[in-house]
Amino acid sequence: MSITIALAGNPNSGKTTLFNDLTGSSQYVGNWPGVTVEKKEGRLKGHKDVVIQDLPGIYSLSPYTLEEVVARSYLVKEKPDAILNIVDGTNIERNLYLTTQLIELGIPVVVAVNMMDLVRKNGDRIDTNKLGEALGCKVVEMSALKGQGSLEAAEAAIAAAQEKKQGEHPHVFTGSVEHAIAHIEESIQGRVDAQVLRWHAVKLFERDEKELQELQLAQDLKTHIEQHIADCEKELDDDAESIITNQRYAYISRVIDRAVKKKASRHALSVSDKIDRIVTNRILALPIFVVVMWAVYTIAMGGTKVSIGTMATDWTNDVLVSEWICGNLGAWMEAIGCAPWLTGLVVDGIVAGVGAVIGFVPQMLVLFFLLAILEDVGYMARIAFIMDRIFRRFGLSGKSFIPMLVATGCGVPGIMASRTIENDRDRKMTIMTTGFIPCGAKMPIIGLFAGALFGGSGWIATSAYFIGVGAVIVSGIILKKTKLFAGDPAPFVMELPAYHIPSAKNVLHATWERGWSFIKRAGTVILASSVVLWFLQGFGFVDGVFGMVEDNNTSLLASVGNVVAPVFAPLGFGTWQGAVATFTGLIAKENVVATFGVLYGFAEVAEDGAEIWTLLAGDFTALTAYSFMIFNLLCAPCFAAIGAIKREMNNAKWTWIAIGYMCGFAYVVAMIVYQLGMVFAGHFGVGTVVALLLLAGLVYLLLRKNKYQDSELRVPVRSVAAK
Amino acid sequence: MKTLKDAKVGETVVVARLHGEGPVKRRIMDMGITKGVSIQVRKVAPLGDPMELNVRGYELSVRKADAEMIEIA
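Everything numeric in this text was worked out from a predicted model, so none of it was measured.

Caption draft 1: Local environment of the overall build of chain A. Check the secondary structure of chain A and you find 31 helices and 12 strands. Its C-alpha atoms give chain A a radius of gyration of 30 Å, within 12% of the compact-globule value 27 Å for 723 residues. Dimensions along the principal axes, computed over C-alpha positions, put chain A at roughly 90 × 60 × 55 Å. Scored against the burial criterion, the 723 residues of chain A give a buried share of 54%.

Next comes the structure, spelled out in structure tokens:
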């Protein structure tokens, strides 16, 4: 018979390390149904019949965050055979708070006190026997990072699952609360399983929204329960939720007094605190932050001698994919006499398309490696601490800084770096806006138009960055006021975990996990899109006969371009060339330049397309060129980035919302710029009116009051003292 | 009413009462800021917000807007 053990614990308690340790490579990573919370499970090493179910890292089983709701509905509904609760021994007081809730669930619990090596090093003592007696469950010691005690903890959980023995519920609450809970238990008896009776009773006492929704109690029963709660609240002069929380912590304090001996006094400075005194120092924090970011950027994306990421990616693109694979494969396929279309499909369609994406992998691995170190060390939380003030104004998180910075190199790792943002709304907002930042591949587009129409002015590139950052800010403010991002306010109450020396195992594991998920994406979505676009670009009707075309102008893509072109007319570039270039930009943004080259009859052009400057200057005016540039900088990113958005959103609806928003925003901005620009040229028409209306709409969306206002304007509505 | 927002860096204060309600209040309490607990204000972020606290032996950061809900003795 198979046994399921749920792994539960606070964030930063070492849960990931333990999970990797217990399951090795037999992991399955998916998603909890309906939400974007990652779900991981695996089989215990050496025990084929034991499934380890990793739960999201949580501080409590309150009904407010996505992670907590996912964890508790799993525990209550799926009823695992045992819970292995990992507790950070160096931060035991707050960690046990979750434990007091887990032991009410009627499932055998084993508490594993982690980081015991550090506890001992600090000169502290934790008496696991006394702790176990007080909590009514087995308590074991471990040091997950050193691999000590992990397997023993899992075995203890298996034993507890087989024994099925339920510990006695400790007396966590005081007399009057226990009295009210007993009454509630009595009134809901028979409606819920006897095992989980206490859990439900406590939740009802707290007036837990989710619980009330799910139990669907009759009105008279609710009134009866409410009476008991109100009596208790009156007696203790506090609201029920606070009473429960206060008493849990009071109970933990009593347990700790008995079972834990701390050497240092309260609020004493640890080594980590001393490091933090410098790292997040009022004066030094920002310079240190700049240096760290500069180092990450230089190593992963920069163009210097230490830029390992860039060098590896250049090599992969130029040597591995272009020369070795494309070159040799093409020559070989020709040599064995493959049909030219097949060679074309494989070499130009599949290999070149996927290769363009695979080329990012080395750079991404280097970047993810550096980010994993920052995360494991504990610096990531400090970044949020330092940058929060700026970013929260635009509905973003302090941690959004990293995705944005990385995106100036490439949007794909930028979007993927958003995974370190825990808050669901902040993460989605970051994913939606990161693509606006001009990435490296958009530089050739800027170079092309700056050279062709603006005399190579450096201001064009500068303005592109301003437009990108402006788009992020404007979108952040607009989006945070929409219904999409409304909902329960997410408080910024964040733990600043103690600094750790990063573990090589954790860092490599995290790096590989992110890299691999991208490679998988490249093999599916991106592969398919590249093949389709290659087909449209390479085939067409010539003199009524369908076949491969030499000249792009006769391709299917050109036909599509012709149909779509009028859509871009209000933006000033309603030519099919403009439309086609925009499409090929979806494979990779730098393709826009190459496409213009082909369309103007050049087989190959320089990176900034210098050969076609004069021709382009004939077809575009300064204004239409600028409008085209804005649209291409802000609209849907390349397939690789769309793939990353899909991977990180993990939800088809949100992926389309993100892409739709980006395209819509790009269209509106380009149109406003073009139409209002035309006014200066003395042209005034319907377009001008529409543009003015759009501009007014944009300003309204920016300035309107937030209906779904959260923390900043909150007035303390109910305070028991005021009653 | 004196709140945590008014506490000075380095000061150790005792929580008298929590105001407000809903998710923010619950989250603050879940993290260990409950009536009677002693909190030390460690520092304020370089841009003036949020603040870093030491509570129940670990470091926690809260925004000043939220610290305003925490009444101190």
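Caption draft 2: Inspection of helix 24 (residues 556-568) of chain A at higher detail. Residues and elements named next belong to chain A. Under the 1.5 Å per step criterion, the end-to-end length of helix 24 is 19 Å for 13 residues, consistent within 8% with the ideal 18 Å. Where helix 24 bends most, at Asn 562, the angle is about 35°, and the proline Pro 566 comes one to four residues later. Three or more residues of helix 24 are buried, namely Leu 556, Leu 557, Ala 558, Gly 561, Ala 565 and Phe 568.

Caption draft 3: Region of the structure containing a nonpolar patch on the surface. All names here are of chain A. Together, Val 679, Phe 684, Val 689, Leu 692, Leu 693, Leu 695, Val 699 and Leu 703 line one region of the surface with nonpolar side chains, adding up to about 730 Å² of accessible area. Looking at the nonpolar patch, the element that brings in the most residues is helix 31 (residues 686-703), giving six residues. For Val 679, the position within the fold is in helix 30 (residues 652-680).

Caption draft 4: Highlighting the sheet that holds strand 10 (residues 493-495) of chain A. The six strands are arranged 10(A)-4(B)-3(B)-2(B)-1(B)-5(B) in an open sheet whose pairing can be described as antiparallel. Both outer strands of the open sheet, strand 10 of chain A together with strand 5 (70-72) of chain B, are each paired with one neighbouring strand and no more. Adjacent strand axes in the sheet meet at a mean angle of 45° when their direction is disregarded. Relative to strand 5 of chain B, strand 1 (residues 12-18) of chain B is paired through three bridges, and the arrangement is antiparallel. The residue of strand 5 of chain B that forms the bridge with Arg 17 of chain B is Glu 71 of chain B.

Caption draft 5: Here's a closer look at the pattern of salt bridges. Residues and elements named next belong to chain A. In the structure shown here, the tally under the stated rule is 33 salt bridges over all chains. The shortest N-O distance in the salt bridge between Asp 117 and Lys 146 comes to 3.5 Å. Of this pair, Asp 117 sits in helix 4 (residues 116-121) while Lys 146 sits in the loop between strand 8 (138-141) and helix 6 (150-163), and the two are 29 residues apart along the sequence. You can call Asp 117 partly exposed: its relative accessible area is 25%. Assessed through its relative accessible area of 55%, Lys 146 is described here as exposed. Between Asp 208 and Lys 203 there is a salt bridge, and its shortest N-O distance comes to 3.9 Å. Each member of the pair, Asp 208 as well as Lys 203, is classed as buried.

Caption draft 6: Examining the interface of chain A and chain B more closely. On the chain B side, the residues contacting the 56 residues of chain A number 44 residues. Counting each side, the surface lost to burial between chain A and chain B is near 4600 Å², with a carbon and sulfur contribution of 54%. Area buried by chain A at its contact with chain B is led by His 267, Phe 385 and Val 493 of chain A, which between them contribute 16% of it. There are 10 salt bridges connecting chain A and chain B. Close ionic contact of Asp 273 of chain A with Arg 42 of chain B constitutes a salt bridge, the shortest N to O distance being 3.2 Å. For the pair chain A and chain B, the interface holds 20 residue pairs in polar contact (both at pLDDT 80 or more). Of all the secondary-structure elements, those providing two or more residues to the side of chain A that touches chain B are helix 3 (92-102), helix 11 (240-259), helix 12 (271-279), helix 13 (285-300), helix 17 (379-391) and strand 10 of chain A. When residues in the side of chain A that touches chain B are grouped by element, the largest group, six residues, is from helix 11 of chain A.

Caption draft 7: Spotlight on the packing of helix 22 (residues 458-480) of chain A against helix 31 of chain A. All names here are of chain A. The contact between helix 22 and helix 31 brings their axes to 8 Å, and the two run at 65°. Accordingly, the angle class assigned to the pair helix 22 and helix 31 is roughly perpendicular. The handedness of the crossing between helix 22 and helix 31 is left-handed. For the pair helix 22 and helix 31, contact is made by Val 474, Ile 477 and Ile 478 and by Leu 698, Leu 701 and Leu 702, respectively. Here the residues of the contact of helix 22 with helix 31 sort into six nonpolar, no polar and no charged.

Caption draft 8: How the structure looks around the pairing of strand 12 (residues 545-548) of chain A. Residue and element names in this part refer to chain A. One ladder, built from four bridges, connects strand 11 (residues 539-542) with strand 12; its direction is antiparallel. Directly across from Phe 539, in strand 12, lies its bridge partner Met 548. Hairpin connection between strand 11 and strand 12: a loop of two residues separates the two successive antiparallel strands, and Asp 543 in this loop has a positive phi of roughly 50°.

Caption draft 9: Seen up close, a positive patch on the surface. All names here are of chain A. Positive charge collects at one region of the surface, where Arg 125, Lys 130, Arg 254, Arg 258 and Lys 261 lie side by side. Tracing the backbone through its elements, the reader meets Lys 130 in helix 5 (residues 128-135). We classify Lys 130 as partly exposed; its relative accessible area is 41%.

Caption draft 10: Looking closely at a negative patch on the surface. All names here are of chain A. On the surface, a cluster of negative charge is made up of Glu 590, Glu 607, Asp 608 and Glu 611. Within the secondary structure, Asp 608 sits in the loop between helix 26 (591-599) and helix 27 (613-619). The class for Asp 608 is partly exposed, based on a relative accessible area of 30%.

Caption draft 11: Here's a closer look at the nonpolar core. All names here are of chain A. Within the largest apolar cluster, 102 residues are counted, with the highest numbers of intra-cluster contacts made by Val 412, Phe 449, Phe 596, Phe 620 and Leu 634. Top element by residues in this core is helix 30. It accounts for 11 residues. Core analysis: the next-biggest nonpolar cluster, separate from the first, contains 63 residues, Leu 98, Ala 134, Leu 197 and Leu 215 among them.

Caption draft 12: Here's a closer look at helix 12 of chain A. Of the residues making up helix 12 of chain A, those classed as buried are Ser 272, Asp 273, Asp 276 and Val 279 of chain A. Axial view of helix 12 of chain A: buried residues confined to an arc of 120°, hence all on one face. Exposed and facing more than 90 degrees away from the buried side of helix 12 of chain A are Val 271 and Arg 277 of chain A. Among the structural elements, helix 13 and helix 17 of chain A together with strand 2 (38-44), strand 3 (51-55) and strand 4 (58-62) of chain B are those in contact with the buried residues of helix 12 of chain A.

The rules behind each value
- Residues numbered from 1 in each chain as written.
- Chains lettered and ligands numbered in written order.
- Predicted model: local features only at pLDDT ≥ 70, side-chain atom pairs only at ≥ 80, totals over all residues.
- Heavy atoms only, no water.
- Helix = DSSP H or I, 4+ residues; strand = E, 2+ residues; numbered from the N terminus.
- Rg over C-alpha atoms; globule rule 2.2 N^0.38 Å.
- Buried < 20%, exposed > 50% of the residue type's maximum accessible area, 1.4 Å probe, protein only.
- Expected span 1.5 Å × (residues − 1).
- Bend = angle between axes of the 7 residues up to and from the residue.
- Patch = residues over 30% accessible without salt bridge, like charges linked within 9 Å, V, L, I, M, F, W, Y side chains within 5 Å.
- Areas by Shrake-Rupley, 256 points an atom, 1.4 Å probe, with all protein chains shown as cover.
- Salt bridge = Lys/Arg side-chain N within 4 Å of Asp/Glu carboxyl O.
- Pairing = 2+ DSSP bridges.
- Axes fitted to C-alpha atoms, helices over the stretch in contact; angles between N-to-C directions.
- Contact = heavy atoms within 4.5 Å.
- Buried area = accessible area lost by both parts, 1.4 Å probe.
- Polar contact = N/O pair within 3.5 Å; in protein donor to acceptor, adjacent residues only side chain to side chain.
- Parallel < 35°, antiparallel > 145°, perpendicular 65-115°, else oblique.
- Left-handed = near helix turned anticlockwise from the far one by under 90°.
- Nonpolar A, V, L, I, M, F, W, Y, C, P; charged D, E, K, R; others polar.
- Lys, Arg positive; Asp, Glu negative; His and termini not counted.
- Charge placed at Lys NZ, Arg CZ, Asp CG, Glu CD.
- Core = buried A, V, L, I, M, F, W, Y, C linked by side-chain atoms within 4.5 Å.
- Arc of directions from axis to C-beta.

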